[in-house]
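Residue-level structure breakdown
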Amino acid sequence: MLVQVEAVGQVADGRATVRVRSEVGATAAFWCGDPTGVGREHHVEWTVDEDMAWGCNTRPASLFSPGVAEAEDGRIVFRGRLGLTGDGGAFLEVAGTRILFDLADPPPSTAVDGIWAEVRVERNSVSLWPYLL
């Protein structure tokens, strides 16, 4: 996913927080790239260190389009097509980018594979890693 990265600040552990804007929305997350990359456009990989828990932080989406947003409670909301991998994992395809997740127990039914879903995760569990095409 191509995003514009803007500086926001640093947290107590020294990690940089950035605001990212893309064609499907905006949010703030931890930046894992070179500090000189802030203020520019990058292709990024989203890393989420929170398990996908169906019925808790994951549910069917009410909108059928990809999205990235900030919820009123400060969580980051990803919306996309859900894919189950069969090995205890899942991914959410958001605007052509796959965001990988581990699944919490109990795993969702295979009937939800391929549906539009929304995942809400804690902001401090999301990191961005820039890469070159």
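Remember, predicted model here, so these are calculated numbers, not experimental data.

**A closer look at the overall build of the chain**
- Helix and strand counts for the chain come out as zero helices and 11 strands.
- In the chain, the succession of α and β elements from N to C terminus is β-β-β-β-β-β-β-β-β-β-β.
- For 133 residues, the compact-globule estimate of 2.2 N^0.38 gives 14 Å, and the C-alpha radius of gyration of the chain, at 15 Å, lies within 12% of that figure.
- The 133 residues of the chain split such that 43% are buried.
- In the chain, the proportion of contacts linking residues at least 24 apart, taken out of those at least 6 apart, comes to 64%.
- Carbon and sulfur atoms make up 51% of the accessible area of the chain, which totals about 7,200 Å².

**Looking at the pattern of salt bridges**
- Counted under the stated rule, the structure contains nine salt bridges.
- Residue Arg-21 pairs with Glu-6 through a salt bridge whose shortest N-O separation is 3.1 Å. Taken together, the residues span a long stretch of sequence, with Arg-21 in strand β2 (residues 16–22) and Glu-6 in strand β1 (residues 2–10) at a distance of 15 residues.
- Across the pair Arg-123 and Glu-70 runs a salt bridge whose closest N-O atoms are separated by 3.6 Å. Of the two residues, Arg-123 is situated in the loop between β10 (116–121) and β11 (126–131) and Glu-70 in strand β6 (residues 67–70); the sequence distance between them amounts to 53 residues.
- In this structure Glu-70 comes out as partly exposed when scored by relative accessible area, which is 33%.
- By sharing partners, the salt bridges in this structure join Glu-50, Asp-73, Arg-75 and Glu-122 into a single network.

**Brief notes about the pairing of strand β9 (residues 97–102)**
- Residues Thr-97, Ile-99 and Phe-101 of β9 are buried on one face, while the alternating residues Arg-98, Leu-100 and Asp-102, pointing to the opposite face, are not.
- Between strand β8 (residues 89–94) and β9, which pair antiparallel and follow one another directly, the connecting turn spans two residues, one of which, Ala-95, has a positive phi of 50°.

**Notes on the environment of Asp-51**
- With respect to the helices, strands and loops of the structure, Asp-51 is situated in the loop between β4 (41–48) and β5 (58–60).
- Since its relative accessible area comes to 38%, Asp-51 is described here as partly exposed.
- Considered as a pair, Asp-51 and Leu-103 are 52 residues apart in the sequence and their alpha carbons are 5.3 Å apart.
- Those residues within four positions of Asp-51 in sequence are excluded, and the remaining contacts are Asn-57, Asp-102, Leu-103 and Ala-104.

**Considering the environment of Val-20**
- With respect to the element layout, Val-20 can be found in strand β2.
- Val-20 sits 35 residues away from Gly-55 along the chain, and the two C-alpha atoms are 28 Å apart.
- In contact with Val-20, not counting residues within four places along its chain, are Val-3, Gln-4, Val-5, Gly-25, Ala-26, Thr-27, Trp-46 and Leu-128.

**Section: the side chain of His-42**
- Secondary-structure assignment places His-42 in strand β4.
- Looking at His-42, its side chain comes within polar contact range of the main-chain oxygen of Gly-37, at 2.7 Å.

**Details of the environment of Gly-67**
- Considering the arrangement of structural elements, one finds Gly-67 in strand β6.
- A residue is classified by how much of its surface remains accessible, and Gly-67, at 5% relative accessible area, is buried.
- Along the backbone, Gly-67 and Leu-133 are 66 residues apart, and their C-alpha atoms lie at a distance of 22 Å.
- Setting aside anything within four residues of it in sequence, one finds Gly-67 in contact with Val-24, Val-77, Phe-78, Arg-79 and Val-94.

About the thresholds
- Residues numbered from 1 in each chain as written.
- Predicted model: local features only at pLDDT ≥ 70, side-chain atom pairs only at ≥ 80, totals over all residues.
- Heavy atoms only, no water.
- Helix = DSSP H or I, 4+ residues; strand = E, 2+ residues; numbered from the N terminus.
- Rg over C-alpha atoms; globule rule 2.2 N^0.38 Å.
- Buried < 20%, exposed > 50% of the residue type's maximum accessible area, 1.4 Å probe, protein only.
- Contact = heavy atoms within 4.5 Å.
- Areas by Shrake-Rupley, 256 points an atom, 1.4 Å probe, with all protein chains shown as cover.
- Salt bridge = Lys/Arg side-chain N within 4 Å of Asp/Glu carboxyl O.
- Pairing = 2+ DSSP bridges.
- Polar contact = N/O pair within 3.5 Å; in protein donor to acceptor, adjacent residues only side chain to side chain.

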